[in-house]
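Working through the structure, step by step
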Amino acid sequence: MKLVIVSGRSGSGKSVALRVLEDLGYYCVDNLPLPLIGTLLAQLKGSNDLVAISVDVRNIAEQGKVLQDQLALLEHDTEIISFFLNSNDKVLLKRYSETRRLHPLSKNHISLQEAIKLEGRLLEPTAKIVDHYIDTSALNIYELSDQVRQILLGSVDKELVINFESFGFKHGMPTEADFMFDVRFLPNPHWEIELRPMTGLDEPVQEFLGRQPLVNKFIWQIENLFETWMPHLERNNRSYLTIAIGCTGGQHRSVYIADQLAKRFRQGSKHTVNARHRELSISELTAK
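Residues numbered from 1 in each chain as written. Predicted model: local features only at pLDDT ≥ 70, side-chain atom pairs only at ≥ 80, totals over all residues. Heavy atoms only, no water.

1. Section: the packing of aromatic side chains
- Applying the stated criterion across every chain, the model contains seven aromatic pairs.
- An angle of 45° between the planes, with centres 5.4 Å apart, marks the rings of Phe-164 and Phe-265 as tilted. Here Phe-164 is found in strand E6 (residues 161–168), whereas its partner Phe-265 is found in helix H11 (residues 253–266), with 101 residues between them in sequence.
- Using a relative accessible area of 10% as the deciding quantity, one classes Phe-265 as buried. (Phe/Tyr/Trp six-rings, centres within 6.5 Å; stacked < 30°, edge-to-face > 60°. Helix = DSSP H or I, 4+ residues; strand = E, 2+ residues; numbered from the N terminus. Buried < 20%, exposed > 50% of the residue type's maximum accessible area, 1.4 Å probe, protein only.)

Here it is as structure tokens:
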């Protein structure tokens, strides 16, 4: 089992780090009471071997060396990686002022500035025992996400799930699409009597559309568009990308083009690429 502990000062980016871990397949728990770490891992053993726990000053300050003692008990059968995120007082004060959130120590009826300073003092022992200390004062959420991935994976590259989805405009547009393309201007197999009952997954329809210069040019241009901009989309802290292709009924043109694009992107891709055909009630899922 692999356990990642994320601790640090409030406002330094713990929630961002936890979202990155969730995207990487970790079972994430925010602010778990420290004595329950062993119980949680025992419950998850065999069902999820990647676990991430975020702990904050409300746990650490009150329980002293409990975190260190808990980790010592787990070392023999658990790979443990720990992070401590920190920012300087001025940056934390600015972040809290902008978001108007309540600091965890504000319940002690002290000012925000005093709460930030007190938290820093209380967490000093924890900062000294972690594996990775990250100062987020000058980092945005994307740069922090990259640093967490770099430490865990040895690379900042993020695996996207890319969904090519065909649909028919007459049945409504998909609301989950990130990009949407209308192919109703392309040659339509519907007007070929023998092709009308078939779909874009049937060989005769594929041969018909494969002979159309406009169809081939459109596929090439969409492929070129996403090959050009995919690295930037990867760095945009997203996990899923849905590209919708729509024709009139969602049976021929959109199905063929979504299927062809998925096949091209699977070749040599580090991502998981899916082809889904909404109107056909067919889902073709192929791993990278």
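Continuing now.
2. Description of the environment of Thr-126
- With respect to the element layout, Thr-126 can be found in helix H7 (residues 124–127).
- Of the residues examined, Thr-126 reaches a relative accessible area of 5% and is grouped as buried.
- With 118 residues separating them in the primary sequence, Thr-126 and Gly-8 have C-alpha atoms 8.3 Å apart.

3. Here's the deal with helix H2 (residues 37–44)
- Along H2, the residues that are buried comprise Ile-37, Leu-40, Leu-41 and Leu-44. Looking down the long axis of H2, one finds its buried residues gathered within 95° of arc, a one-sided arrangement. What points out from H2, more than 90 degrees from its buried face, is the exposed set Ala-42 and Gln-43.
- Note on H2: the residue one or two positions beyond its end, Gly-46, has a positive phi of about 95°. (Arc of directions from axis to C-beta.)

4. Quick notes on unusual backbone geometry
- Non-glycine residue Asn-31 carries a positive phi angle of around 60°.
- Here Asn-31 shows up in the loop between strand E2 (27–30) and H2.
- You can call Asn-31 partly exposed: its relative accessible area is 26%.

5. Things to note about the sheet that holds E2
- Spatially, five strands are ordered E2-E3-E1-E4-E5 in an open sheet, and the strand pairing comes out parallel. The open sheet has two edge strands, E2 and strand E5 (132–135), and neither has a second partner. Each adjacent strand pair in this sheet contributes to an overall mean axis angle of 20°, direction not counted.
- Examined bridge by bridge, strand E1 (residues 2–8) and strand E3 (residues 50–54) share five bridges and lie parallel to one another. Bridging across to E3, Val-4 finds its partner in Ala-52.
- Helix H1 (residues 14–23) contacts E1, E2, E3 and strand E4 (79–86) of the sheet and is inclined by roughly 165° relative to E1. (Pairing = 2+ DSSP bridges. Axes fitted to C-alpha atoms, helices over the stretch in contact; angles between N-to-C directions. Contact = heavy atoms within 4.5 Å.)

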